[in-house]
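A look at the structure
Each chain is listed here by its residues.
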Amino acid sequence: MDKVINVGLVGFGAAGQVFHAPVITSVAGLRLHRVTARKPEQQELLRQRYPEAIPEGSAAAIIQADDIDLVVVATSNDVHHSLSKAALLAGKHVVVEKPFTNTSAQADELIAVAQQQNRLLTVHHNARWNSDYLTVKKVIEGGRLGRLVAFEARYDRFRNTLKENAWREEDLPGSGILYDLGAHLIDQSIELFGLPEAVNADLRKQRNGARAVDDFELILHYPALKVSLKGAMLVKEPSPRYALYGMDGAFVKYGVDPQEAALKAGRLPKDDPDWGKEPETIWGKLNVLENGRDYTEYLPSERGNYPAFYRNVHAAIVGGSELHVKPEQARDVIRLIELAERSWAERRTLDV
């Protein structure tokens, strides 16, 4: 377990700079060894923050490097499949940023290649380690709500203009917030409840000039449970991030996991003893009926833990530990997105 894994990071834009490099360098046993940095500002940032990392001008240079064990693909969605496949065929283990691929067929191909090459393949669904989601998961497992009948989750933002020169705002495969934000919520739902029996979706382009989906609502049908997943770009007043309703009560959670803001501010998990800790002001409210009496309390939030993803990747490579985020699960996220797009196009509920 003490073996050091050399990591090659392909993509040093927002995802690479915020969600990958600072977390990789906070995990014992991982060494950020090579990073693609084509732009001068990226090269300068790399020198300042990670002087030990070697800048590279292309993904191929990292994929073909003999001293790289693990390739992290943190690029735009359109090249997730091609770069991940090339890395696997070069004998590397692979972490790919979510969403896994643009199609489930591409995901199936990568899973098959990883099995043929006997290499690890996983997807960076880091929202499984958000403080709010970990808290919700604990509440469900605790059973105080009784039989759960409804689960609602939202991932909202407010930006009423389109971001210039942003591929996520274009009418392209894999663009829009269903692939970006919705993928997190779908993955969480699959981890909690498994695959649904059916899906119904409402997908909109609401902002002036919008070319990609910027508002979504998915209803996932389970035998005795309704799951509602929503996301939008025009939510100025926050709604609950999670609302859980059971036979014996409810749990409602506002607020946002603090890790992304901390990473954007340049803080590192390894240097912060309070990493992932939420303020009491956004703790979730539990309201239940127990022994014939009403109980209301605010539950302390679980601490967010993005490094846990990469610790598991290291343990899986070095010691054969089970992957937390299996590629088949990430493939199922894409399958549900594809079904959601069909559901909206055909205006009907589709079986999974």
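Refer to the preceding data block for the structure.
What follows covers the overall build of the protein. Scanning the protein from terminus to terminus reveals 10 helices and 15 strands. Computed over its C-alpha atoms, the radius of gyration of the protein comes to 20 Å, within 12% of the 20 Å expected for a compact globule of 352 residues. Seen through its principal axes, the protein has C-alpha atoms that stretch 65 × 50 × 40 Å. Counting all 352 residues of the protein, 54% fall into the buried class. Contacts spanning at least 24 positions in sequence make up 71% of the contacts within the protein whose residues lie at least 6 apart. Total accessible area on the protein stands at roughly 15,900 Å², and carbon and sulfur atoms take up 47% of it. In the protein, 44 positive and 48 negative side-chain charges are present, and the distance between their average locations comes to 1 Å.

Here the focus is the packing of helix α6 (residues 131-142) against helix α7 (residues 177-193). At a closest axis distance of 12 Å, the pairing of α6 and α7 adopts a crossing angle of 25°. Between α6 and α7, the angle falls in the class roughly parallel. Where α6 crosses over α7, the two elements pack in a sense that is right-handed. From α6, Tyr-133, Lys-137 and Ile-140 reach across to α7, where they touch Gln-188, Glu-191, Leu-192 and Phe-193.

One pass over the structure, following the stated rule, counts 29 salt bridges. Notably, a salt bridge pairs Glu-191 with Lys-137, separated by 3.1 Å at the nearest N-O pair. Placement of Glu-191 in helix α7 and of Lys-137 in helix α6 is noted, with a sequence separation of 54 residues between them. When its relative accessible area of 27% is taken as the criterion, Glu-191 is described as partly exposed.

Let us look at the pairing of strand β9 (residues 215-222). Counting buried residues along β9, 6 of its 8 residues qualify, which places the element largely inside the surrounding structure. As paired elements, β9 and strand β10 (residues 225-232) share 8 bridges and run antiparallel to each other. When the sheet's bridge partners are listed, Phe-216 is paired in β10 with Gly-231. The antiparallel pairing of β9 with β10 creates a hairpin that spans 2 residues between the two strands.

With that settled, consider the environment of Trp-167. Mapped onto the elements, Trp-167 comes out in the loop between β7 (148-156) and α7. Classification of Trp-167 as partly exposed rests on a relative accessible area of 28%. Residues Trp-167 and Asp-78 lie 89 residues apart in sequence; the distance between their C-alpha atoms is 9.6 Å. Leave out the neighbours within four places in its chain, and Trp-167 touches Ser-76, Asn-77, Leu-172, Gly-174 and Ser-175.

What the 9 strands build is an open sheet, ordered β14-β13-β12-β11-β7-β10-β9-β8-β15; its pairing is mixed. On the outer flanks of this sheet lie β14 (293-299) and β15 (350-351), each paired with one strand and no other. Pairing of strand β8 (residues 198-204) with β9, which is carried by 7 bridges, proceeds in the antiparallel orientation. Bridge pairing links Leu-203 to Phe-216 in β9. Against the sheet, α7 makes contact with β7, β8, β9, β10 and β11 (242-246), and its axis sits at roughly 20° relative to β9, the strand it touches most. This element, helix α10 (residues 327-346), spans β8, β9 and β15 of the sheet and lies at about 70° to β8.

Quick look at the side chain of Thr-36 now. Note on placement: Thr-36 falls in strand β2 (residues 30-36). Overall, Thr-36 belongs to the buried group, its relative accessible area being 2%. Within polar-contact distance, the side chain of Thr-36 engages the backbone nitrogen of Gly-11 at 2.7 Å. Beyond its immediate chain neighbours, meaning those up to four positions away, Thr-36 contacts Leu-9, Val-10, Gly-11, Phe-12, Glu-56, Ser-58, Ala-59 and Ile-62.

To continue, consider the pairing of β8. Pairing geometry for β8 and β15, over 2 bridges, is antiparallel. Bridge pairing in β15 links Val-199 to Leu-350.

Within the fold, Pro-22 resides in helix α1 (residues 14-24). For the pair formed by Pro-22 and Arg-34, sequence separation is 12 residues and the distance between their alpha carbons is 14 Å.

Bringing the packing of aromatic side chains into the picture now. Per the counting criterion, the structure on display carries 6 aromatic pairs. When the ring of Phe-19 is compared with that of Tyr-306, the centres are 6.5 Å apart and the planes differ by 65°; the resulting orientation is edge-to-face. Note that Phe-19 is positioned in helix α1 and Tyr-306 in the loop between β14 and α9 (307-319), a separation of 287 residues in sequence. Each of the two residues, Phe-19 as well as Tyr-306, counts as buried. Ring centres of Trp-129 and Phe-309 lie 6.0 Å apart, and the angle between their planes is 70°; on these two criteria the pair is classed as edge-to-face.

With that settled, consider a nonpolar patch on the surface. Together, Val-149, Tyr-245 and Met-247 make up a nonpolar patch on the protein surface, roughly 270 Å² of accessible area in all. Along the chain, the position of Val-149 falls in strand β7.

About the thresholds
Residues numbered from 1 in each chain as written. Predicted model: local features only at pLDDT ≥ 70, side-chain atom pairs only at ≥ 80, totals over all residues. Heavy atoms only, no water. Helix = DSSP H or I, 4+ residues; strand = E, 2+ residues; numbered from the N terminus. Rg over C-alpha atoms; globule rule 2.2 N^0.38 Å. Buried < 20%, exposed > 50% of the residue type's maximum accessible area, 1.4 Å probe, protein only. Contact = heavy atoms within 4.5 Å. Areas by Shrake-Rupley, 256 points an atom, 1.4 Å probe, with all protein chains shown as cover. Lys, Arg positive; Asp, Glu negative; His and termini not counted. Charge placed at Lys NZ, Arg CZ, Asp CG, Glu CD. Axes fitted to C-alpha atoms, helices over the stretch in contact; angles between N-to-C directions. Parallel < 35°, antiparallel > 145°, perpendicular 65-115°, else oblique. Left-handed = near helix turned anticlockwise from the far one by under 90°. Salt bridge = Lys/Arg side-chain N within 4 Å of Asp/Glu carboxyl O. Pairing = 2+ DSSP bridges. Polar contact = N/O pair within 3.5 Å; in protein donor to acceptor, adjacent residues only side chain to side chain. Phe/Tyr/Trp six-rings, centres within 6.5 Å; stacked < 30°, edge-to-face > 60°. Patch = residues over 30% accessible without salt bridge, like charges linked within 9 Å, V, L, I, M, F, W, Y side chains within 5 Å.

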